[in-house]
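# Notes for the structure review
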Amino acid sequence: MSRRSLSDVDTLLIIVLILTWVDLLITTFLANPSNFSEIPVLVLASVLLLTLFILILAYRLSRIMLREESKVQTRYRTALMISVLFMFSAGILSLCTYLSEIFLSSGVLGAEYLTIDPNEDQATLLIFATHVMRLFHHIFALSGCIITAAVWTRQFKIWANFSKAQFVKSFYIVGVAIIILFVVQLITITLQYIFYWTDYEHFGQTPPEIPENLEMIFMVLFLVATVVLIVYIYYLTAAGSSMRVPYQAKASRSQKRLFLPFFFLFLWFFTNILNVSAEAGIANSIVTFVGNLFLLAAYAPISFNFMKFARNVDSKFLQKNLYLAAIGTLGLSTFNIVGPSRWTGMGILVGYLVAFSILTWSLANISQFLGSREALSRRLREAGVQFLSDMGEAEMKAQSIKQMAKVMTDVSNGFMQDLTKMIVRSPPTEAEIRRYIVSTMGVEATPSEREVLAYLQDAISFAQKGGRE
C-alpha cells in the first residue's frame, strides 16, 4: 500500500473539508449575538486563521488542477484562471474583513462591533468598508462557483452528445441546476446586504429580522432553491448509480439508495422552515447546525456510490477521480442555501468553492474517461449488429471472424480519429480496444479468441496521440 502524502489532492481536499466544518461549528455556536460580545476577538482570530489555512491549501489545489489541465491544452484555462482569481479575491477579502472586525470588536473605538452606532463618524467609514468587503466576498466566491460550474457543465454537454451515456447526461443536468442555485444565492445575498446597509435598525443582527415586504421575496427564493436542490441531488445520485465500465459486470444496486437522500433533504427543509421566524440564540444555533448535518447525510449516499464504484475499477486515473468526487461531494453540505447571511465564518464559502471546484473537475475527468469508452463500445455494438445482419448469424463461422474483426478494427480507427478532436486526458488504450472488440464479437472464452487476438495485434493501427493512461 502506497503512503499518503500531504501533496496528494485527496489529502489536501480532506484537510480543507475538516477546516471548513470546524469553521462552521465555531461560527454557528460562538458567533451569535447572544454571546458574541463576550469573546469576539477570540472567535474572529480563530476563524481568521482557519480561513488563512484554507486559502493556502486552495492555492496548492488550484496549482495541481491547472497543471493537470495544461497537459491536455484545455480550452478553458482562461475561465479557470478567472475562477481561481475570484476564489483568492474572496479569501483575501475575508482576511481583511476579519482584521477590521477584530479592530472594531476590541473596543478601541469605545464600543462593541455589533452595538456600535453606525452613524458615529469615527466608526462609520470602517464599518462601511467592512460591510462592503463582506458583500464582495460573497459576490466573488459565488461568481467563482458559477464560472467553475459553467466551464465543466459545457464539458458535460460535449461528452453527453459524444458518448450518449445516461450518466453524463445526468451530470449535465446537475451542472445546469447548480448554476441556477448559485444565481439564486447571489440574488439573495445581494438583497440581504443592501437591506442591512439601508436599514440601520437591523444592522448587525444574525439572523436578521426581515420586514414583511422582503420576507415573501426571500421565501420564494428559498422555495426555488429547494426545488433546484432536489433536482440537483436526484440527478447526482442517479449519475453515481448508473456509472459503469463497458462490458464490465454491472453490480446490483438497491433502488432504495436512489431515494435515501430525499429523506434527509426533507429533514433539512423542515429545520430551515423552523428557522425562518426563530429568534437568535443557542436553540437557533443547534437547529441550524443540525440542518447542515441533515444535508451532509443527504450527500453521504452519493459519496458512497462513488467510493464503491472506485473499488471495482482497474484504472488508477479513474479510481483517483472517483475518490475525489466522493470526498468533494461531502463538502457540498457546508453551503448555506438561501439562509441568513453570516457575520463570521466566511472561510466556509471559500472552503466550499475549493471542494466544489475539485468535485466538478473530477466529474469532468470521469465523464471523459467513461464517456470515451461508452462511445467506443456503442459504435462497436452498432457495427457488430450491422455485420451480423449483412452476413446472417448462421454464417458466422470461423472463416467470418477475421472479416468481423476487420470491421471492428475499422470502427476503432475511426473512433480514435474522432477522439483526437476531443479533450480527453486518458483515451482508450490499444489493449482496451482489443478487449472491447473481442467482447462485442461474442467470442470470449471460445477456441476462436486466440485467433482473433492474434489478428487484432497486427490489424489495429490507430492514432495514439495522447493515448497513454
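Everything numeric here is computed off the predicted structure, so don't read it as measured data. (Residues numbered from 1 in each chain as written. Predicted model: local features only at pLDDT ≥ 70, side-chain atom pairs only at ≥ 80, totals over all residues. Heavy atoms only, no water.)

## Structural notes on the overall build of the chain
In terms of regular secondary structure, the chain is built from 13 helices and zero strands. For the chain, the residues scored as buried account for 54% of the 469 residues in total. Contacts in the chain between residues far apart in sequence, at least 24 positions, make up 81% of those at least 6 positions apart. Counting every atom, the chain has about 20900 Å² of accessible surface; 62% of that belongs to carbon and sulfur. (Helix = DSSP H or I, 4+ residues; strand = E, 2+ residues; numbered from the N terminus. Buried < 20%, exposed > 50% of the residue type's maximum accessible area, 1.4 Å probe, protein only. Contact = heavy atoms within 4.5 Å. Areas by Shrake-Rupley, 256 points an atom, 1.4 Å probe, with all protein chains shown as cover.)

## What about a nonpolar patch on the surface?
Taken together, the side chains of Leu49, Leu52, Phe53 and Ile56 make up a nonpolar region of the molecular surface, amounting to roughly 350 Å² of accessible area. Mapped onto the elements, Leu52 comes out in helix α2 (residues 40-70). A relative accessible area of 33% places Leu52 in the partly exposed class. (Patch = residues over 30% accessible without salt bridge, like charges linked within 9 Å, V, L, I, M, F, W, Y side chains within 5 Å. Salt bridge = Lys/Arg side-chain N within 4 Å of Asp/Glu carboxyl O.)

## Notes on the confidence of the model for the chain
Model confidence for the chain is summarised by a mean pLDDT of 78, while 73% of its residues fall at 70 or above. Put simply, helix α13 (residues 449-459) is where the chain has its lowest mean pLDDT, 51, and helix α9 (residues 316-331) is where it has its highest, 92. The low-confidence segment residues 461-469 (pLDDT under 50) makes 20 contacts with residues lying over four places distant or belonging to another chain. (pLDDT = per-residue confidence, 0-100.)

## Overview of the environment of Leu24
Looking at the element boundaries, Leu24 is found in helix α1 (residues 9-29). Given a relative accessible area of 0%, Leu24 falls into the buried group.

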